[in-house]
Amino acid sequence: MMPSAGHSTSPAPAPSLASPPLPSPSIQIAGYDQPFQGAILTASRWWVIMGALSTVALLLALVCLQLGTQYVGLGQMARVFTSALFGLAGDNETAVTTSVILLQVRLPRVFLGFLVGVCLASVGVALQALLRNPLADPYVLGVSSGAALGVSLAVLFGIGTTVLALSALPICGFLGGLLALLVVYRMAATYERLPIHSVLLAGVILNAIFSALIMFIASIMEPNRSFGMMAWLMGSLTAPAYPALAALSVYLLVGLVLLFKQVRVLNILALGEEPARSLGIDTERTKRFIFLVSALLTGAVVSVSGMIGFIGMIIPHAVRLVVGADHRLLLPASALVGGMFLMVADTIARTSFVPSEVPVGIITALAGGPFFVYLLVWRKDRLA
Amino acid sequence: MSSPIGQAPTVEAAVSSGRSGAHAYDVQGLFFCYGKLRAHDVRWVLRDVNLHVEAGEILGIVGPNGSGKTSLLKLLAKLAAAQQGDIALFGTSLAGLSQEDMARTVAFVPQESAQMFPFTVAETVLMGRFPHRRRTRWNLGFGWEDRDDCAAAAQAMATMDISHLAPRAVTDLSGGERQRTMIARALAQTPRVLLLDEPTAFLDLQHQIEICSVLRRLRDDHGLTVVIVSHDLNLASQYCDRIVMIKEGAVRSVGTPSEVMSVEVLREVYGCEVLIDPHPESGLPRITLPRQYVPFNV
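Conventions and cut-offs
Residues numbered from 1 in each chain as written. Chains lettered and ligands numbered in written order. Predicted model: local features only at pLDDT ≥ 70, side-chain atom pairs only at ≥ 80, totals over all residues. Heavy atoms only, no water. Helix = DSSP H or I, 4+ residues; strand = E, 2+ residues; numbered from the N terminus. Buried < 20%, exposed > 50% of the residue type's maximum accessible area, 1.4 Å probe, protein only. Contact = heavy atoms within 4.5 Å. Areas by Shrake-Rupley, 256 points an atom, 1.4 Å probe, with all protein chains shown as cover. Phe/Tyr/Trp six-rings, centres within 6.5 Å; stacked < 30°, edge-to-face > 60°. Lys NZ or Arg CZ within 6 Å of the ring centre and 35° of its normal. Pairing = 2+ DSSP bridges. Axes fitted to C-alpha atoms, helices over the stretch in contact; angles between N-to-C directions.

(A) Representation of the overall build of chain B. When you go through chain B residue by residue, the secondary structure sums to 10 helices and 12 strands. By the burial criterion, 55% of the 298 residues in chain B qualify as buried. In chain B, 68% of the contacts between residues at least 6 apart in sequence involve partners at least 24 apart. Split by element, the accessible area of chain B, about 12,600 Å² in all, is 52% carbon and sulfur.

Encoded structure:
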């Protein structure tokens, strides 16, 4: 072991012009070569876990693509993909049918499921850290129903058409979700250290109010439109055409990157507001930023898939148990697991009751509800 | 706001001389209240506080509940802003310092911390390295800790005697262990000034003494300046170089423990009679409850 002189000699990073340099750190540091084996997240562990998860996600996607009303084997799939890539036309009718099923129906849908799961789980992680509440989730807190209300209003007033080639629905969803987040956050900010259960109650109340308004909107619509809206509300993945899907993906990816840039800050925010500020974080600005991005992601996701609940709560929880609390791994790992979860749930939803289809929101709620109760009842010692 | 150029010698002096009387903090005419300042009915939490903290001293802030001790500490940490008055850190007004500049110089340990998530102790201590992170635009906010960071954290953990707890989750620790983890996090920040809010409140006798000795050692060896809010008058008297006694938001008395801890001052501030005699070892004032206050004593 050699003593590292690194910190004692290096001056503190130069502050801005407005302030003169403050004295450099005074505590001398002796060197330790491997002080924390297994106690902290290292870059190598990050790559191993993320690599493994990505591989599993890819394999699961292949499985999900195979299943459906018509089974498509791997060989067939490979042929369809190669012919699509190299522009070869299918030579017979079954090949064309298979190609349509795979490329026009299943692939966009599986991809959309993955993307929505990724976003919901990521937003869940961010909200949990921000509100220091392990039960926070866009669905439970009423952010999803706020977004759904925004989208319903847009549909009611017929602004569901496109603005600048992009659907206006994600933006209305964003506004609705933002409104819900602001209400929850105002509550949390008014009473400095708000008990977890009060935040949940705020979510329950918001959910009730927003649901009532959505029901009201649905009831004054013409029946066939309101039926479509109810199906969407229960959470269903109906893939849009490729251009719209691409636009949505870009929108969501930008949001995800913005969120991922905050991973280390999320770690610090989980310590509490004052410790975070004393570690040099502009907490107000950071919170506002993360809330905005969360509302952005939730709004867009809700506008395409309705209210798919509990992914934002279950997935981060389960992943945290396995990989630890460091958001540098927790956020991307939860994102991948969330994507896989929704992809599989949707495959179950569309294959188990052929020819009818179960809204995927029902499946996630059936999985998530009991888990929520479990956390609330059996793990309440941790949540006090 | 003070001029940057004129301050440089003061800063240099503070660094090199340690305990030569340079001031870590200068507090002048401080008025503070929570919430918005209204013209009528202002309930000041702090009223006209003037004091200084010398570089390399342990300063204790004592006083009854609700007297404004914690508020003063938060103002020193720039976690709250005063309505009037000025605080200077090594000659530089806090108003001119960003929260980040502060974080590289001043570490703050809150009274209690409620961590909901199972971060390990090592991870928590390493969070203290956040102000020293390298900034690059393209690391997507990941910024892995380097060897220096790990070394600083390991040193801090050894100092607080929590090295063996490194892989444990902070949510599973006892109150005392968690408190020591939080102090270690502050030490990992390699601060020049350490602000502690009731650091010994959750600790047993052994760890109380241990932490106080560690603070003295850090002061002696590294010139660390410590400001400590405490309810424990005896602890403050034995371990602090100087004591500030606060009553209803105003400074009642400042000085060495022997100067501040008098029967008259304590009667006035706390409204009760105490006995004060010299500590058998140090000769510093020792505060004990008089017999008539002990219930059920025949």
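Read on for the rest.
(B) Quick look at the packing of aromatic side chains. According to the stated counting rule, one finds five aromatic pairs over all chains in the structure shown. Arranged with centres 4.9 Å apart and planes meeting at 85°, the rings of W46 of chain A and W47 of chain A form a pair that is edge-to-face. W46 of chain A sits in the buried class, given a relative accessible area of 12%. Residue W47 of chain A is classed as exposed on the basis of its relative accessible area of 62%. Summarising the aromatic geometry, the rings of F31 of chain B and W44 of chain B are spaced 5.2 Å apart at their centres and angled 65° between planes, so their arrangement reads as edge-to-face. On the criterion of sequence distance, the pair formed by F31 of chain B in strand β1 (residues 23-32) and W44 of chain B in the loop between β1 and β2 (46-54) is long-range, its members being 13 residues apart. Residue W44 of chain B is classed as partly exposed on the basis of its relative accessible area of 22%. Note that R133 of chain B overlies the ring of F130 of chain B, its terminal NZ or CZ placed 3.8 Å from the centroid.

(C) Seen up close, the sheet that holds strand β10 (residues 250-255) of chain B. Residue and element names in this part refer to chain B. Taken together, six strands build an open sheet; the order of strands is β6-β7-β8-β3-β9-β10 and the sheet is mixed. Because the sheet does not close on itself, it has two edges, and the strands there are β6 (106-109) and β10. The mean angle between the axes of side-by-side strands here comes to 15°, regardless of whether they run parallel or antiparallel. Pairing analysis gives five bridges linking strand β9 (residues 242-247) to β10, with the strands arranged antiparallel. Counted as the bridge partner of V244 is V254 from β10. Packed on one face of the sheet, helix α7 (residues 205-222) meets β3 (58-62), β7 (193-197) and β8 (225-229) and runs near 140° to β3.

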